[in-house]
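Here are the chains, one letter per residue:
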Amino acid sequence: MAVAKPAERRWPETVPASGWLKPWHEAIIAAEIDGLRVTDVLVDVGSVVLKGQPLVRLADESVRAELRNQEAELASARADLAKARANADRARKVQGSGALSDEKINEYLIAEQTAVAGVEAAEASLESQKIKLTKTTILAADDGLITARSAQLGAVVSSGTELFRLIRQQRVEWQAEVSARYLSRIKEGLTATIVGPGDRRIKGAVRLVGPTVSTDTGRALVYVSLAAASRPPPGLYVTGQIELEITAALTVPETALVLRDGIAYVFTVDKDKRASRVRVETGRRNGSEVEILSGIDRSTDVVMTGGAFLSDKALIRLAGDALVQLGRESR
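Residues numbered from 1 in each chain as written. Predicted model: local features only at pLDDT ≥ 70, side-chain atom pairs only at ≥ 80, totals over all residues. Heavy atoms only, no water.

Visitor: Quick question: what am I supposed to make of the overall build of the chain here?
Guide: Check the secondary structure of the chain and you find two helices and 24 strands. Computed over C-alpha atoms, the radius of gyration of the chain comes to 39 Å, more than 25% over the 20 Å expected from 2.2 N^0.38 for 331 residues, which places it beyond the range of a compact globule. Within the chain, the proportion of its 331 residues that are buried is 37%. Summarising the internal contacts of the chain: among those between residues at least 6 apart in sequence, 71% fall at separations of at least 24. A distance of 7 Å separates the average location of the 45 positive side-chain charges in the chain from that of its 43 negative side-chain charges. (Helix = DSSP H or I, 4+ residues; strand = E, 2+ residues; numbered from the N terminus. Rg over C-alpha atoms; globule rule 2.2 N^0.38 Å. Buried < 20%, exposed > 50% of the residue type's maximum accessible area, 1.4 Å probe, protein only. Contact = heavy atoms within 4.5 Å. Lys, Arg positive; Asp, Glu negative; His and termini not counted. Charge placed at Lys NZ, Arg CZ, Asp CG, Glu CD.)

Take a look at the structure:
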């Protein structure tokens, strides 16, 4: 019908915000050993990697040689322990018989303890060298997207040299700036929506509300986790809104509004079938509907379409699905 009463809706109150898209967490992949040459670079910027996936291989010849040396030292330490243990066992058997002096017996027992410590030290050195060998293949610290690469084939790296950066789990968050007056009403878990590339709307949820307010802008940061499947590119500055509590809204279709000189009006119909132009204040929008804050109430008959063709105080009548102004037709 061309004339109807405003609809009552339950809409969330929204807070406008804007801010940068940034990685949720950024991981730095670095070398953990010194003085080894890069022999293979297995991924590049833009690669999607899995946790534990090899990213870089380093030359491991010197590490393997040292590993063989540690294995030999362990074998030698075990042989020394076997000899010291045999001497200690004999000393314990004759202890108190006078066949060996107490000083000599103590010497054999101490030599056994020293040999045990020598084996433990050699085992620890061997284990350390095995760990060092595993570090010659540098692995992804988490699932994610490689965003930067400094690893170069043939380069000799040192411990702590950054080789890659990745966005953990490909998760990007919106660091939204909001007015401080809304802080007490913004809670973890509230729904947020941003307008992404290509005017694509992307949903998210408030992860964290920043504890401080900028003294320069009077605004605070709200960290919004975005759906992982949406994968918007980090580095963009976007606008959006955060939804607060749900409140009642009196709404009309956008087609009911008549804009003149920047002011919004609607046409109402009274019991005498006369159209009146009424100034209204608009609020939230949802799709093709607009919230009316003042000017009409829920009992008012409003011209939903064709108001632009009506004259104020005109006498009208309804003919089928068309609204007719006497002497002039509007649809």
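Visitor: Is there a simple way to explain the layout of surface pockets in this structure?
Guide: Empty space among the atoms becomes apparent when a probe as large as a water molecule is rolled across them. The space that makes up the largest pocket amounts to roughly 280 Å³. Around the largest pocket sit W11, P12, T14, T193, R201, K203, Q241, E243, R284, R285, N286 and G287, which together line it. Contributing elements (two or more residues each) for the lining of the largest pocket: β2 (7-23), β13 (201-213), β15 (237-253) and β19 (281-286). As for the second largest pocket, its lining consists of I28, I29, A30, E32, T134, K135, T137, I138, L139, A140 and A141. Listing elements by their share of the lining of the second largest pocket, those giving two or more residues are β3 (26-30) and β7 (137-139). Looking at the lining of the second largest pocket residue by residue, the class counts come to seven nonpolar, two polar and two charged. (1 Å grid on protein atoms, 1.4 Å probe; cavity = no way out; pocket = protein on both sides within 12 Å on 5 of 7 lines; lining within 4 Å. Points joined across faces, edges and corners; volume = space filled by probe spheres on them. Nonpolar A, V, L, I, M, F, W, Y, C, P; charged D, E, K, R; others polar.)

Visitor: Can you walk me through the pattern of salt bridges in this structure?
Guide: Pairing is possible between side chains that carry opposite charge, provided their charged atoms lie close to one another. Enumeration according to the criterion identifies 21 salt bridges in this entry. Linking D60 and R64 is a salt bridge whose minimum nitrogen-to-oxygen distance equals 3.0 Å. Connected via shared salt-bridge partners are R85, D89, R92 and E112. (Salt bridge = Lys/Arg side-chain N within 4 Å of Asp/Glu carboxyl O.)

Visitor: Whenever I open this one, the packing of aromatic side chains confuses me. Can you help?
Guide: Taken as a whole, this structure holds one aromatic pair when the rule is applied. Their ring planes at 70° and their centres at 4.9 Å tell us that W20 and Y237 sit as a pair that is edge-to-face. You can see W20 sitting in strand β2 and its partner Y237 sitting in strand β15, a full 217 residues away along the chain. Look at Y237 and you get partly exposed, because its relative accessible area is 45%. (Phe/Tyr/Trp six-rings, centres within 6.5 Å; stacked < 30°, edge-to-face > 60°.)

Visitor: Honestly, the sheet that holds β3 in this entry has me stumped. Any pointers?
Guide: Strands in a sheet are paired, the pairing made by backbone hydrogen bonds, and the direction either parallel or antiparallel. Reading across from one edge, β3-β10-β8-β5 is the order of the four strands in this open sheet, with antiparallel pairing throughout. At either margin of the open sheet sits one strand with a lone partner, and together these are β3 and β5 (48-49). By the bridge criterion, five bridges tie strand β8 (residues 144-149) to strand β10 (residues 162-168) in an arrangement that is antiparallel. Of the residues in β10, the one forming a bridge with G144 is R168. (Pairing = 2+ DSSP bridges.)

Visitor: Just checking my understanding: could you explain the nonpolar core for this structure?
Guide: The tendency in soluble globular proteins is for nonpolar side chains to be buried as a group. Of all hydrophobic cores here, the largest spans 30 residues; its most connected members are V49, L55, V56, L58, I138, L163 and F164. Among the elements of the structure, β3, β4 (36-41), β6 (54-58), α1 (61-94), α2 (102-134) and β10 are those that each provide at least two residues to this core. Broken down by element, this core gets its largest block of residues, six residues, from α1. Excluding anything up to four places from it in sequence, L55 contacts I29, D40, V41, L42, V43, V49, I138, L139, A140 and F164. Membership of the second largest hydrophobic core comes to 20 residues, among which are I194, V222, V238 and L244. (Core = buried A, V, L, I, M, F, W, Y, C linked by side-chain atoms within 4.5 Å.)

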